[in-house]
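Descriptive structure summary
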Amino acid sequence: MTLSPSERDKVLAMIAANLTEEILKRIDLDEIATLELATAGQLLGLGPTAAAKVLPVIEVGPRTRRVTVRAYKDFLEARKKNPPGPR
């Protein structure tokens, strides 16, 4: 079967779209994407040390600590269900 260049481009675009859809179905991007620990702490109103105590930390390098977006979202959901008391 021989395809013209425009037909080939259409077929490749369809294959790429299907492949992307299948990948996104099977992979949770929140498990792959990460935030700097300090950034996650700031978004939560905590310092880096306090954030490291309540969030699971991933050591990426000798001085780089990160948190997955999934862990951050899970922490926010848990905090919604059980908010901290007054200080």
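Now for a description of the structure that goes with this document. Along each chain, numbering runs from 1 in the same order as the chain's sequence is written. Whole-chain, interface and lining totals are the exception, using all residues; otherwise, since this is a predicted model, local features are given only for residues with pLDDT of at least 70 and side-chain atom pairs are given and counted only at 80 or more. Side-chain calculation: all heavy atoms of the structure are included, whereas hydrogens and water are not.

Labels follow the DSSP assignment, with helices taken as runs of H or I lasting at least four residues and strands as runs of E lasting at least two, numbered in each case from the N terminus. Helix and strand counts for the protein chain stand at five helices and three strands. Mapped from its N terminus to its C terminus, the protein chain presents α and β elements in the order α-α-β-α-α-β-β-α. As a reference, a globule follows 2.2 Å times the number of residues to the power 0.38, and the radius of gyration itself is taken over C-alpha atoms. Here the C-alpha radius of gyration of the protein chain, 21 Å, is well above what a compact globule of 87 residues would show, namely 12 Å. By its C-alpha atoms, the protein chain is 70 × 35 × 15 Å across when sized along the principal axes.

Before going further, it helps to examine the sheet that holds strand 3 (residues 65–68). Between any two strands, pairing holds if DSSP finds at least two bridges. Pairing within the open sheet is antiparallel, and its three strands lie in the order 1-3-2. A strand with exactly one partner marks an edge of an open sheet, and here the two such strands are strand 1 (34–36) and strand 2 (58–59). Relative to strand 3, strand 1 runs antiparallel, the two sharing three bridges. Note that in strand 3 the partner of Thr34 across the bridge is Thr68. Against the sheet, helix 3 (residues 37–44) touches strand 1 and strand 3, its axis set at about 85° to strand 1. What makes two residues a contact is simply this: any of their non-hydrogen atoms within 4.5 Å. Think of each axis as a best-fit line through the C-alpha atoms, taken over the contacting stretch in the case of a helix, with angles from 0 to 180 degrees between the N-to-C directions.

Here a salt bridge means any side-chain nitrogen of Lys or Arg lying within 4 Å of a carboxyl oxygen belonging to Asp or Glu. If you walk through the whole model with that rule in mind, you get ten salt bridges. The partner of Lys73 in a salt bridge is Asp30, and the shortest N-O contact between them spans 2.9 Å. Within this pair, whereas Lys73 is found in helix 5 (residues 69–81), its partner Asp30 is found in helix 2 (residues 29–32), the two being separated by 43 residues in sequence. Per-residue accessibility, obtained with a 1.4 Å probe over protein chains only, is compared with the maximum for each type, and a residue is labelled buried under 20%, exposed over 50%, and partly exposed between these values. For Asp30, a relative accessible area of 17% corresponds to the buried category. With a shortest N-O distance of 3.9 Å, Arg70 and Asp74 are connected by a salt bridge. Residue Arg70 and its partner Asp74 are located together in helix 5, separated by four residues, close to a single helical turn. Take Arg70: its relative accessible area is 24%, and that puts it in the partly exposed class.

Any link to function would need more than the numbers given here.
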